[in-house]
Amino acid sequence: MGKIEWAMWANEQALASGLIYLTGGIVGVAGQFRGWEYAAFAVAAGAFVCLLEYPRSKRSKGTGVERTGQYCFTVCVKAFGPLTRNYYVRAFLHAALCVPGGFMLATVLGCVCLGIASLIYLVAAIRGEHWEPILPRKEVPKPAGSINKPPQNPPPRPPPETRRKRVEDLEGAAYDNAIDVTADE
Amino acid sequence: MANWIINNGLTAFILVVWMGINTFLFVWFYFFYDLGEQFFYTRHLLGSALAWARAPAAVLNFNCLLILLPVCRNLLSLLRGSFVCCGRTMRKQLDHNLSFHKLVAYMIALMTAVHMIAHLLNVEWYNNSRRGVYDKLSLALSNLEDTGNTTYLNPIRTISVDAQQTPTYLVFTTIAGLTGVVITLALILIITSSMEVIRRSYFEVFWYTHHLFIIFFAGLVFHGAGRIVRNQQNLKEHNFTFCKDRSDDWGRIPECPVPQFAGGFPQTWMWVIGPMILYLCERLLRFVRYMQTVRYRKIVMRPSKVLELQLVKNGFKMEVGQYVFLNCPAISQLEWHPFTMTSAPEEDFFSIHIRSAGDWTDKLISIMQELPEGAQGPKMGVDGPFGTASEDVFDYEVSMLVGAGIGVTPFASILKSIWYKFKDSNPKLRTRKIYFYWLCRETHAFEWFADLLQGLEKEMEERGMVDFLTYKLFLTGWDQSHANHAWVHFDEDTDVVTGLKQKTQYGRPAWDKEFEQVRKENPTSVVGTFLCGPAALAKVLEKKCAKYSDVDPRKTKFYFNKENF
């Protein structure tokens, strides 16, 4: 398991947890369960976690795959700078967000899942990983118009004296072309 | 359309049957719990959430039965072998086993969500009934004790726990609740580590986390042991229509004895025990196969970090285009990796070409590089062969084989086998002419295949059979330096890139031209086209086959075979 970037799995787990937290919260609020206030918090926290975790990080090795339409989320998350870049912050944030979920059954599963995501993020942070935004690559400029630019200089020719046709000495006037000019074999 | 039916009809049919069974189970059990008289009092406390929890449970039973079956690859091989009579289309369904496994997993996830939400509602309403929030009947039902001559209905027995925490308390003190939470957690971890991103990049995480399924099935079997969903046992003596409004008189009047309740017999184990045993056998068989001796006949390091292994194993029989799983305990005890075989069945060994493509392959290549001359390699476990054989290739008079990129590997096996059959005048081989199209971005890592073609080329020349195989190589990833190089060496006999007599062409093939040429050279034959490559190319070839096939049965006809090597 040498080259794994734990953050990738933490990200999947956190996104799933956010959804579960959100769903549990909705059930709690819609069913007017006892402790529905905790469920309402879970709805907000779950939605927030989903938005935070939706944009995938750029991988340090290899190419990352973006989630559909993640660019606007990337921009928002990037705006918070070091707060979102650092995985220690994320680990503690998820740990803090998940605690209120433990006070009510509907949100307990979301709480535990988010807690696990927090632990995986902690592992990622300890191993020095951090979040990098995936930004659209600038157009790579073509190598200086090798095909498009027409040649500036004429092809190398022998000096005019030898080029001029010497009618009196046709044999001597002949010279070898540098490149074979026969059309086909 | 006809082509779609031939290629996908059976798959579509199987999916329709599967969804049909799921729907049937859902609807049947929904109405069983929603209309059943023995559940009248239970429904009074829970409403339709009871049925909404039990219906997905039935679908879950069915799908948990199914999910273990597609991953028993040795069992599938056995089935494939015994289906030889039933046609290739049937056997090819077995190649889609992993797709089916994933589909069933999604269904399990969906049904778990529905089941869980319904039970959250159920627990909350049991709690409310217990505390007298609802009507008199609910309170009366909830108050039924679990003593000598009464049985309880409401699983929440105590009210001393704080009202908000009661549901959580119930979940963690009942078998059903505890196992439910544990297995749902296991399921979530399995699913998040199986996402494509994780699977492709960190296979180990996926594989080791996936073994949480053991906890999943253990918990699943015990999930119903607490018999927490209760139904009325004494319907004949206690008529609920008459007695439901007389809860004060229960036990005091002869028409209404106290209603008795009991939980249903747990059934999940009956569904899953069979597949669990089959899967256990599968793992044992893999272990037995792993213990069998595998001898190295030859170890060759090919250019571009490609390792060729020629192995011999007792009783190993393969067909063209099949693959094996390899395990090397020196590198990793638990990892098995699949490789397509590149040898022909006529040879007395089997060979694989392994490209450097990750941790495991890199380690293997470095171990082999450090071996002294002629020594045996590290212990290797081989499981297989698996996959539907591509025997159709031998049935056509003229074959067009198209291999793109890494898809060229099974063709090594096929071409070799065709050549052996041709030399031995094997009657199974009806092929008289082969057109082979090799498309790749770069020949890096495929030099060994070029060597194979060179060998075939030489043998064909010796026998004066130069016409048997026509091959064209298309380098789709050329750049200016390639063009310069070719331009300078254009008058040489052999190709600069591959060293073959056939010149490499640059860019993608002009299929119209190719099909025209094949048609011209074979005006009356039936041509089979086989592809191992991307789906986009499959669509193109399918269209061309249709376009260039002649309605006249005496003229050329093209048949496209969608192969899944």
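Everything discussed here concerns the structure shown above.
Residues numbered from 1 in each chain as written. Chains lettered and ligands numbered in written order. Predicted model: local features only at pLDDT ≥ 70, side-chain atom pairs only at ≥ 80, totals over all residues. Heavy atoms only, no water.

**With respect to the overall build of chain B**
A tally of helices and strands in chain B yields 20 helices and 14 strands. Compactness check: chain B gives a C-alpha radius of gyration of 32 Å against a globular reference of 24 Å for 565 residues, more than 25% above the reference. With the C-alpha coordinates of chain B rotated into their principal frame, the extents come out at 110 × 60 × 45 Å. When burial is assessed residue by residue, chain B has 48% of its 565 residues classed as buried. Taking as baseline every contact in chain B between residues at least 6 positions apart, the subset at least 24 positions apart corresponds to 74%. (Helix = DSSP H or I, 4+ residues; strand = E, 2+ residues; numbered from the N terminus. Rg over C-alpha atoms; globule rule 2.2 N^0.38 Å. Buried < 20%, exposed > 50% of the residue type's maximum accessible area, 1.4 Å probe, protein only. Contact = heavy atoms within 4.5 Å.)

**Observations regarding the interface of chain A and chain B**
Each side of the interface is counted separately: chain A has 31 residues, and chain B has 36 residues. For the pair chain A and chain B, the summed buried area comes to about 2900 Å², and 71% of that belongs to carbon and sulfur atoms. When residues of chain A are sorted by the area they lose upon contact with chain B, Trp9, Arg34 and Leu105 of chain A head the list and together hold 26% of the total. Linking chain A with chain B are 0 salt bridges. For the side of chain A that touches chain B, the elements supplying multiple residues, two or more each, are α1 (6-30) and α6 (105-126) of chain A. Tallying contributions element by element places α1 of chain A first for the side of chain A that touches chain B, with 9 residues. Classifying every residue of the side of chain A that touches chain B gives 20 nonpolar, 4 polar and 7 charged. (Buried area = accessible area lost by both parts, 1.4 Å probe. Salt bridge = Lys/Arg side-chain N within 4 Å of Asp/Glu carboxyl O. Nonpolar A, V, L, I, M, F, W, Y, C, P; charged D, E, K, R; others polar.)

**A few points about the packing of helix α6 (residues 97-130) of chain B against helix α9 (residues 175-193) of chain B**
Axes are the key here: two packed helices are described by the angle between their axes and the distance separating the axes. Residues and elements named next belong to chain B. Following both chains from N to C, one finds α6 and α9 inclined at 145°, their axes separated by 11 Å at the closest point. α9 is crossed by α6, and the crossing has left-handed handedness. Where α6 approaches α9, its residues Ile108, Ala109, Thr112 and Met116 are matched on the opposing element by Thr184, Leu187 and Ile191. Broken down by class, the residue content of the contact of α6 with α9 amounts to 5 nonpolar, 2 polar and no charged. (Axes fitted to C-alpha atoms, helices over the stretch in contact; angles between N-to-C directions. Left-handed = near helix turned anticlockwise from the far one by under 90°.)

**Observations regarding the sheet that holds strand β7 (residues 350-355) of chain B**
Residue and element names in this part refer to chain B. As summarised here, the arrangement of the 3 strands in space is β3-β4-β7, forming an open sheet in which the pairing is antiparallel. Taken across any chain shown, the strands that pair with only one partner, and hence form the sheet edges, are β3 (294-302) and β7. The average angle at which neighbouring strand axes cross in this sheet is 20°, direction not considered. The sheet contact formed by strand β4 (residues 306-313) and β7 spans 6 bridges and is antiparallel. Bridge pairing in β7 places Leu309 opposite Ile352. (Pairing = 2+ DSSP bridges.)

**A short note on the state of the cysteines**
Across all of its chains, the model carries 1 disulfide over all chains by this definition. Bridging Cys243 of chain B to Cys256 of chain B, the disulfide has an S-S length of 1.9 Å. One disulfide, between Cys243 of chain B and Cys256 of chain B, carries an S-S torsion of -95° and so falls in the left-handed class. Residue Cys243 of chain B is found in helix α13 (residues 240-243), and its partner Cys256 of chain B is found in the loop between α13 and β2 (261-263); the two are separated by 13 residues along the sequence. You can call Cys243 of chain B buried: its relative accessible area is 0%. The thiol of Cys98 of chain A is not disulfide-bonded; the next cysteine sulfur, from Cys111 of chain A, is found 4.2 Å away. (Disulfide = S-S within 2.5 Å.)

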